[in-house]
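Here's the letter readout for the chains.
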Amino acid sequence: MASGNKSSASKRASSDDNDSTRPHKVKKMKCLDLILVEKVYKFRVLLPNSDCVTMRVVDPPNNQMPVVVFADLVKEEYERVGSRIRRREIDWDSPDLCLIDRFENHIKDVICFEIYETDKVYTLRLNDGSNGDEVYENMWDLTPDVELLSELPQEYAFESALADLIDNSLQAVWSNSNKRRLISVDLSEDKISIFDNGPGMDDSEDNSIVKWGKMGSSLHRSYRGRAIGGKPPYLKPFFGMFGYGGPISSMHLASHTIVSSKTKNSKKVYTLHLRRDALLSSSGSDKTWQAPGGLRDPSENEMKLAPDGSFTKVEMFQMKMRSLNVAHLQSKLKDIYFPYIQCDDNTKTGKTITPIEFQVNGIDLAEVEGGEVAITNLNSCHGPHFVLQLHFTSNQEVHLQKSPSKGASQEANARLKFVYLPIVQGKENIDRILEKLEAEGCGVAETFESFSRASIRCLGRLLPDARWAWLPFMDLKQRKVDRAQILKTCCSRVKCFIETDGGFYPTPSKTDLSHHHCYTTALKNFGQKSLEKDRDVNVEIFKDGKKLSLQQVEKQYQDWIFQMHNLYDEESDCGEDEPVIIINPSNKKQLVISSDVIRVHRHIRRKGKSWRSGQKIKVLKGACSGVYKNNIYCVLEYILLEGFQGDAGGETRIICRQLGISDEKGCLIFEDEDGNPAIDIRESKSLPISIIDTGKCLSVETAEWISQLEKRQKKIPSSIDILSASHCEELEVEGSLPFDAVVTAGHASPEEVIAVVRPASYGSVAVSEKLDQKHIAVTDLDMVLEIKLNAEDKDLQKTSHVHSFRASPSSRKGFRGLYIFSVNPKLIFEKAGEYTFSFHIKESDCSSYVNSVRVKAQSQVMRWALVSDMQHAKLSVRVGSHFPPISIACYDVYENRTSFRHVPKLIAKVSTKQGVILFQSETLKSHLLSKCSVITAENILVKSSEVDLIRPGYEAQLTICSKDEPFDVSVPCKVLPGSIDHLNAKPKDFMKHLLPGNVVQELKLEVFDAYGNHVKQGSDLSLGVDGFHFQQKTNIVQVDDHGRVDLSGLLKVSKGYGESVSLSVFSSKSNKLLFKVKSQIEKRMLRVATKIPEKCCAGSQLEDVVFEIVNSDGVVDETIDDNEKGDMSHSLVLKSDSTDMDDTVKYSFRHGCCTVRTIQLPEIEGSFSFRAAHSRFPKLNMTITVLVETAPEIVYESSQPQCTAEEISLQNNLSGFRIPKVEHDDNAMVLGPSPDSAKSIGNLVKSLYDERKELEDKFLQDGRRIGEHEQKLKTFHAQRLEYEKALSELQASLEANSNGDSSNSPKKERMLGEIESRAHTAASVVCKVLKDKKYHDFSKDILGVVALLGSVETNELARILTEFLGEEQMLGVVCKSYKAAHNLETCDVHGNVNCSTGLQALASALGTSLDGRYSVICLEDVRPYEGECDSGDPQRRLLLSDPTLPNGKTPPGFSGYAVNMIYLDANQLYTRTSGGKGLRETLFYHLLGEVQVYRTRETMRKALECIHHGAVSLDGGIVRKTGVISLGCGKPSIHFPVVAPQSQNSRYQRMIDAKKSMLRTINDQLDKENELYDETLKKFEKSKNKYAKFLDAKASLLQQFNDSAWNSP
């Protein structure tokens, strides 16, 4: 049974180490055709005999396995692999056999695999009951990247190797965010220990201790990207890039290393043992790096240092170093990790913090005072630092050098902190730093001049070898600014601390930046302007958060240096004597100072030496500006100190007088006019005190000084001489200048001319045949050779400068002091005349040397040219006149004037710049002048009719050549046209069809000279007009640049119809008549279009009388339209001699018609005549005569109230009524004849009579008014019937005329053919079906295709509307309802189209088929237009309001709405939906909505504010909705048919509009009259009732009065 388990278990285990990283095995089961994934578990088993086995368990049953079976697998694998070292036996059958996991859990019975993951390796210890060891062989596999040993740095300093190990600890403890961060280094002669309380390591995959010792397996490499950016000094110690810092550095320091580490959750400490010899013995072989390891308990001291339970300790034994200086090492480590040991808090507190507790041999490095960084900080000034922030980005990814990480960063950051190290009490603080480092045993091999002024940290860690002299940005020695010398000196006192983030890459040893990385190069070249434009990295500069340019930063940096210098530099506090204080010296620039106060000393101590006035010194070359080539010897005169004693920042300078300058020309201290001390430097020099500090200024002994004086005397030059030809031969120089001969032009000079300076004694010594050095004075001054020419040619300047040469003294063939001028090929004797050679030395008393060479012209002629007087002359000639005489000279090859051999026969040509010949003359005359050197050409007459070719500049070229000589000469000229001769008018028929007030829109007069050339621009003409108004202030016009006079729009007809007009043109100069044309204005007649009745009632009116103006053919002139805003008024005036008709009233013409609403007729019978005439053209008139008759008597209808018989009788008797006598008491009134009561009775009767009379008059008056209103109502009703009848007739005529315009137009037929040719489309089938009557039942509810249901008036509108809708919409099928659309197509249950029904079946019957989809529009289902339509318009256009701009005006260029610009055919005008909507309200409103139409894109663009539903322009613009436009241009083949409107239709439409207007007026009058009639009727009823009541109440009394009156005597 046991063997069976073992056998089956062996099948599930494998020892193939190479498979440890493989994914799960995939097993394919053929029977099920399924894929099953095997589970493979990997373990590292530590055996009790200090050995280790790695094994795999495959698919354990139920994810469980007895421990004994697992132990058998371990045993089988152990025996298979075998052990290199004989070890003790393992008790495999021990009853205490168990497995112990990482958490010290003892597994005795069954091991459950569910707690393990298949992609990780787990460590188990096998316990057989014995006490196992703590160290196990081959526990850790360090195989990868073994070959990296060949790349170990050759020079790996002790501090660098130790820092690599500390880097690992620093990265580890940095993750301790809220607890102590400790790194403790203990060093002794036999051991080094590095301890940190970081998170520690164990045997897990992610945090394995193997990665510490396995090269290329950095634990922190993935974190490096987090180190890019942030705040300086970028304390993010993610240094892990290469993954071999730990093992390599430990092997550099010692032969044996033990790494111990524990995590917070693990109970055991994991160890890794590295032995240098064992690892190297496996390098380059097939063996693997199997390193020992182990498990142990943590020590008491370890838990004390790491109370949280996590730590890492690296111990190194068998050290390779010979001696150890702990203090020196402490300083070095403090320099490397200074920001991590102590730095300023980035918060506002600004306190100094200690991010890491760093101990070396128990001493906290924060307490160590040594180190270069600390010493530098102590010796820097306390002023503000100059800080820059640089941001680097790569321009091209390929330029980023690949680093050991997965990919180079795309950005990087650096902070540059510039610290000023001033000079204090005359001593540079940099020197103090170097001395202090030397004293502490940390000295560097640097001086003040070679001091490294730029140091670099990467992520807060110092790169020890990155010690740069300085950045180009810091080098200000060559800057040309004010106080440049101070800037040059002070820029050397600046130290730059550079802090970089993770975007920069160090070298593998982390001692320097990667040299070839693009960011390193950009940083190293920062400030080098020559590389600014051609670089692979962009550098952005920030200061105090603001982005600046390099020029701005440089300016601020210079200002900062001056500020630091003024505040902290102490050059020399005082001299050794009492100073002379000078206030505001006037010559600061010569003294090279800036202070307003200077102290002048004669004695000073510097560098331990005394320097006094009068002391002779030697300033070595290169010591300062102005001393470059040689040493100079001077006399020290004064020492200048800026500022008062105790002031900081002052410069110190020495005033020196150079050897050879007399005392009188040296520096002088004197008193000015006010008695104040002053200084005048004169010819002395001001030198910086730094020449003493740098050792470039030396004291000179008397003997050396006298020697220099003697040498100077020997070098004093006396005169300049030219070496002869024989002396030149000694120097191997061929030839010399031909001073004694005449040469021909083209003679070449010698290649070199040698001059020398002769000493003063040379004149008294006989000249030696051979060259002698003693006759040549050696100087250090430059000699100048100037060559001038005195030319023979009068065209040239009398004396001109040819060339200048400068030469310095040189040597050849052992001779010194030679001035060798290389004049050839620069000097060739080309011009005829005298060449003067002048040799001289500036700033010298040496006399000059002057000599000359004569040159004559060649005899061979090379070309002709104009003489100088003609070269710049501007020849200008008119056609028909002569050119002025032309003088020509001939020249040799070097442009020297020579002689003609004979008189040539000349030809003159004038041509354009393109070579077109305008004319040619061979009749000119010629003769020689000036000793045969000049020939003159005369009598050149210009004749040409091609002058228009050179307008408007008239630039041409005159060429004079010879038939027998191969030469010619050309001269630019101007050939102008001749004077005005005649002219032509274009167009010739501009006088046709003239109308009063019209402007001649196009008229151009072409003006010519006698040769047919258009005359010159600006020529004046005078116009004479008759019947025209010339719309300019003067009648003088000028010819334009095309030789024309443009009169377009300037001539306005001022006479009336049928009158004569004329235009005459005269020459302004000669008053010659050039042109005249006569014509007649078109004739017009006035007629009445309304039928005038022969007889009318007196006092009635003629209403709506229409007058028309017609042409000679009787056609109404529709152009006659009263323009209220313009200057052309067309109105009608009526006048009558028999009545007071107001002739000031004017009636406007509209489209040739004028309607007079009412014409009042007189109330007297007889013949009435009135005259109608045009207001501006009285000859357009006519007389109308009407017979006026008496109006018939009004007969009231039954509705009119009538008086009763009794009332009439009463009214008749009242006329003879007599007043009776009345007697009365209180109760009754008695009529009697009493004379006393007669008066009172009379009053009573009179009042009754008056009351009755008033009521009666009111009653009768209201009755008459009712009759008048009824008569007017009758007349209005008759007129309305007449207008309605006329309107109906006109609309019928319009519709009849329209029926032949569009529906059967040829263009519509062509479009129908185009649609039918679109095979396999629904539109094509529908068009064919609609034409065939046998398909009527099917097509009765189909209206047709969109493109054929309407038409437009212009091609432009047709094209743009089609582009707006698109071809799919244009070919859409239009049906009356959805039911009709449903009949077009049916589908089966699966959604497939049934081809045997609907339109598909009809297509098959027609021999075609339908492809793709098509659109169907159902009129009943689309949303119609809900607004009002123009009911009087047969086209039923929609009443849409015009768009308005914010200013309330309609946009210019607005033509209308697209929906109203579609013209419906007559057979579609009455198509209606069930809701009464037509095609325009449904179909076209659905398609076009309220799309606006504009004339141009520009007008549409200006109207965008009021475009809400889209717009189009006739020139191709489309706006679909706000913010969406269509661009490009299309040429649609399917579009609306174009039908041009006919004039007869327009006339009918205007007459309809006029009738509609009249009808609306009649209706308004009827409504008003009905209101008046109703109101009068009410008044009549009221007065009638009141009158009746009066009669009822007073009738008896009135009867008594009446009877009494009749009975009285």
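Note: the structure precedes this text.
Residues numbered from 1 in each chain as written. Predicted model: local features only at pLDDT ≥ 70, side-chain atom pairs only at ≥ 80, totals over all residues. Heavy atoms only, no water.

## So, the sheet that holds strand S67 (residues 1020-1026)
In sheet architecture, strand pairing relies on hydrogen bonds along the backbone and comes in two forms, parallel and antiparallel. Here four strands make up an open sheet; going across it, the order is S69-S67-S72-S73 and the pairing antiparallel. The sheet is open, and its two borders are formed by strand S69 (1036-1038) and strand S73 (1073-1080), each paired with just one other strand. On average, each strand axis in the sheet is tilted by 25 degrees relative to the strand beside it, whichever way the strands run. Where S67 lies against S69, three bridges are found, and the strand directions are antiparallel. (Pairing = 2+ DSSP bridges. Helix = DSSP H or I, 4+ residues; strand = E, 2+ residues; numbered from the N terminus. Axes fitted to C-alpha atoms, helices over the stretch in contact; angles between N-to-C directions.)

## Considerations on the pairing of strand S81 (residues 1181-1189)
On a regular strand, one side chain projects to one face of the sheet and the next to the other, so that they alternate. Side chains Met1182, Ile1184, Val1186 and Val1188 of S81 all project onto a buried face; the interleaved residues Asn1181, Thr1183, Thr1185, Leu1187 and Glu1189 project onto a face where none is buried. When strand S75 (residues 1095-1097) meets S81, the two strands line up parallel, connected through three bridges. Each bridged residue has a counterpart across the sheet, and for Cys1097 the counterpart in S81 is Glu1189. Judged from the eight bridges that link them, strand S80 (residues 1166-1174) and S81 form a sheet pairing that is antiparallel. Each residue of the ladder has a partner; that of Ser1167, found in S81, is Leu1187. In this structure, the hairpin formed by S80 and S81 is closed by a connection of six residues. (Buried < 20%, exposed > 50% of the residue type's maximum accessible area, 1.4 Å probe, protein only.)

## Side note on a positive patch on the surface
A grouping of Lys874, Arg878, Lys974, Lys1016 and Lys1069 is seen on the molecular surface, where their side chains present a positively charged patch. Relative to the helices and strands, Arg878 is located in strand S54 (residues 875-878). Using a relative accessible area of 38% as the deciding quantity, one classes Arg878 as partly exposed. (Patch = residues over 30% accessible without salt bridge, like charges linked within 9 Å, V, L, I, M, F, W, Y side chains within 5 Å. Areas by Shrake-Rupley, 256 points an atom, 1.4 Å probe, with all protein chains shown as cover. Salt bridge = Lys/Arg side-chain N within 4 Å of Asp/Glu carboxyl O. Lys, Arg positive; Asp, Glu negative; His and termini not counted. Charge placed at Lys NZ, Arg CZ, Asp CG, Glu CD.)

## Side note on the sheet that holds strand S43 (residues 742-744)
Taken together, five strands build an open sheet; the order of strands is S43-S52-S51-S46-S47 and the sheet is mixed. Edge strands, defined here as strands with exactly one partner in the open sheet, are S43 and strand S47 (800-807). For this sheet the average axis-to-axis angle between neighbouring strands, irrespective of direction, equals 25 degrees. Of the strand pairs in this sheet, strand S46 (residues 783-791) and strand S51 (residues 833-840) are connected by eight bridges, and their pairing is antiparallel. Residue Val784 lies in a different strand from S51, and its bridge partner there is His840.

## Quick word on helix H29 (residues 1480-1488)
Here H29 lies mainly inside the structure; seven of its nine residues are buried. Among all positions of H29, only Arg1480, Glu1481, Thr1482, Leu1483, Phe1484, Leu1487 and Leu1488 are buried. Next to the buried residues of H29 lie helix H25 (1355-1365), helix H26 (1367-1370), strand S85 (1373-1375) and strand S86 (1416-1418). (Contact = heavy atoms within 4.5 Å.)

## As for the packing of helix H3 (residues 158-173) against helix H8 (residues 326-336)
The axes of two packed helices give the description: the angle between them and the distance between them. Close contact between H3 and H8 brings their axes to 11 Å; oriented N to C, the two are set at 55 degrees. Relative to H8, the element H3 lies oblique. Along this stretch, H3 crosses H8, giving a crossing that reads as right-handed. In contact with Phe158, Glu159, Leu162, Ala163 and Ile166 of H3, H8 contributes His328, Leu329, Lys332, Leu333 and Ile336. Tallied by class, residues from the contact of H3 with H8 come to seven nonpolar, one polar and two charged. (Parallel < 35°, antiparallel > 145°, perpendicular 65-115°, else oblique. Left-handed = near helix turned anticlockwise from the far one by under 90°. Nonpolar A, V, L, I, M, F, W, Y, C, P; charged D, E, K, R; others polar.)

## Focus: the nonpolar core
In this structure, Leu162, Tyr337, Phe392, Leu416, Phe418, Phe473 and Tyr557 are the most contacted members of the largest nonpolar core, which totals 103 residues. Ranked by the residues each element gives to this core, the list is headed by H3, at eight residues. When neighbours within four sequence positions are excluded, Leu162 is seen to be in contact with Leu187, Ile192, Ile194, Leu253, Leu329 and Leu333. Core analysis: the second largest hydrophobic core is formed by 71 residues, Ala1347, Ile1360, Leu1384 and Leu1479 among them. (Core = buried A, V, L, I, M, F, W, Y, C linked by side-chain atoms within 4.5 Å.)

## Examining the pattern of salt bridges
Under the counting rule described, the total for this entry stands at 52 salt bridges. Between Asp1262 and Lys1258 there is a salt bridge, with its nearest N and O atoms 2.7 Å apart. In this pair, Asp1262 and Lys1258 both sit in helix H21 (residues 1238-1298), four residues apart, roughly one turn of the helix. On the basis of relative accessibility, which here comes to 36%, the residue Lys1258 falls in the partly exposed class. Several salt bridges share partner residues, and in doing so they unite Lys191, Arg296, Glu302, Lys313 and Glu315 into one network.

## Describing unusual backbone geometry
Residues Pro232 and Pro233 are joined by a peptide bond in cis, for which omega reads 10 degrees. Locating Pro233 in the fold gives a position in the loop between helix H4 (210-213) and helix H5 (245-253). The omega angle of the peptide bond from Lys986 to Pro987 is -5 degrees, so this bond is cis rather than trans. Mapped onto the fold, Pro987 is located in the loop between strand S65 (982-986) and strand S66 (1004-1008). With a phi angle near 55 degrees, Asn62 is a residue other than glycine that sits in the positive phi range. Take Asn62: it is sitting in the loop between strand S5 (52-58) and strand S6 (64-66). Positive phi outside glycine occurs at Tyr234, with the angle close to 60 degrees. Among the structural elements, Tyr234 can be located in the loop between H4 and H5. Taking the relative accessible area as the measure of exposure, Tyr234 reaches 1% and is therefore buried.

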